[in-house]
Amino acid sequence: MNQEILRAEITDIPVLCKMMKDFYAIDHYPFNENLVAKNFEIFIENDKYGECFKIISEEQIAGYIILTKYFSFEFGGEILFLDELYIKPKFRNRKKIVF
């Protein structure tokens, strides 16, 4: 089984939006697909905000990770905060994941 974590690209936005919509539906969060797609574009193109990664398993996007940057005096400067982590249901509860 081949898995990778790769930086998300602009071409991944439709798949990322679908996963985010599914993720937000769990807790009934509002979801505006046009706004989310635009925000993904801004976020992916400007690494000053953080990084978006796609999780690849079985040669398809299995999930995503969003790390946001901010500055913390407590932690000595710029840090990354795990803002979102989503795995599609069919890829969850695997016994062994090797990267």
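Now for a quick tour of the structure. Bear in mind that the values here come from a model prediction, so they are computed numbers and not experimental data. (Residues numbered from 1 in each chain as written. Predicted model: local features only at pLDDT ≥ 70, side-chain atom pairs only at ≥ 80, totals over all residues. Heavy atoms only, no water.)

**Describing the packing of aromatic side chains**
Selection criterion: For Phe, Tyr and Trp, rings pair up if their centres lie within 6.5 Å, where Trp contributes its six-membered ring, and each pair is then called stacked (planes under 30 degrees apart), edge-to-face (over 60) or tilted (otherwise). Secondary structure follows DSSP: runs of H or I at least 4 residues long count as helices, runs of E at least 2 residues long count as strands, and numbering of each begins at the N terminus. Three exposure classes are used, based on accessible area relative to the maximum for each residue type with a 1.4 Å probe and protein chains only: buried under 20%, partly exposed in between, and exposed over 50%.
All told, the structure shown has eight aromatic pairs when counted by the stated rule. Their ring planes at 65 degrees and their centres at 6.4 Å tell us that Tyr70 and Phe81 sit as a pair that is edge-to-face. Of this pair, Tyr70 sits in strand S3 (residues 60-72) while Phe81 sits in strand S4 (residues 77-87), and the two are 11 residues apart along the sequence. According to the relative accessible area criterion, Tyr70 is partly exposed, its value standing at 40%. Here the aromatic rings of Phe71 and Phe73 are separated by 5.3 Å at their centres, their planes lie at 75 degrees, and the arrangement is edge-to-face. Feature note: the residues Phe23, Tyr24, Tyr29, Phe31, Phe40, Tyr64 and Tyr86 constitute an aromatic cluster, connected by ring pairs.

**Notes on the nonpolar core**
Defined as follows: Here the nonpolar core consists of buried residues drawn from Ala, Val, Leu, Ile, Met, Phe, Trp, Tyr and Cys, with membership extended through side-chain atoms lying within 4.5 Å. By definition, residues are in contact when any of their heavy atoms lie within 4.5 Å.
One finds Leu16, Met19, Met20, Phe40, Cys52, Tyr64 and Ile66 to be the most contacted residues of the largest nonpolar core, which totals 16 residues. Every element with two or more residues in this core is listed here: helix H1 (13-26), helix H2 (33-45), strand S2 (50-57) and S3. The leading source of residues in this core is H1, at six residues. In contact with Leu16, other than residues within four places in its own chain, are Ala8, Phe40, Ile44, Cys52 and Tyr64.

**Some points on the pairing of S4**
What counts, and what does not: At least two DSSP bridges between two strands are needed for those strands to be called paired.
Pairing of S3 with S4, which is carried by 10 bridges, proceeds in the antiparallel orientation. What sits directly across from Ile65, in S4, is Leu85. Adjacent in sequence and paired antiparallel, S3 and S4 are bridged by four residues, among which Gly76 carries a positive phi angle near 85 degrees.

**Side note on H2**
What sets the pattern is the α-helix's 3.6 residues per turn: residues three or four places apart point alike. For the record, the criterion: Take the number of residues in a helix, subtract one, and multiply by 1.5 Å to get its expected span. As used here, the arc is the angular range of directions from the helix axis to the C-beta atoms.
For H2, which comprises 13 residues, the first-to-last C-alpha distance of 18 Å matches the rise-based estimate of 18 Å (1.5 Å per residue) to within 8%. For H2, the set of buried residues is Val36, Phe40 and Phe43. Summarising the axial view, the buried residues of H2 lie within an arc of 70 degrees, below the 170-degree limit, and thus occupy one face. Turned more than 90 degrees away from the buried face of H2 sit Asn34 and Glu45, all of them exposed.

All quantities given are derived from atomic positions and should not be read as evidence of function.
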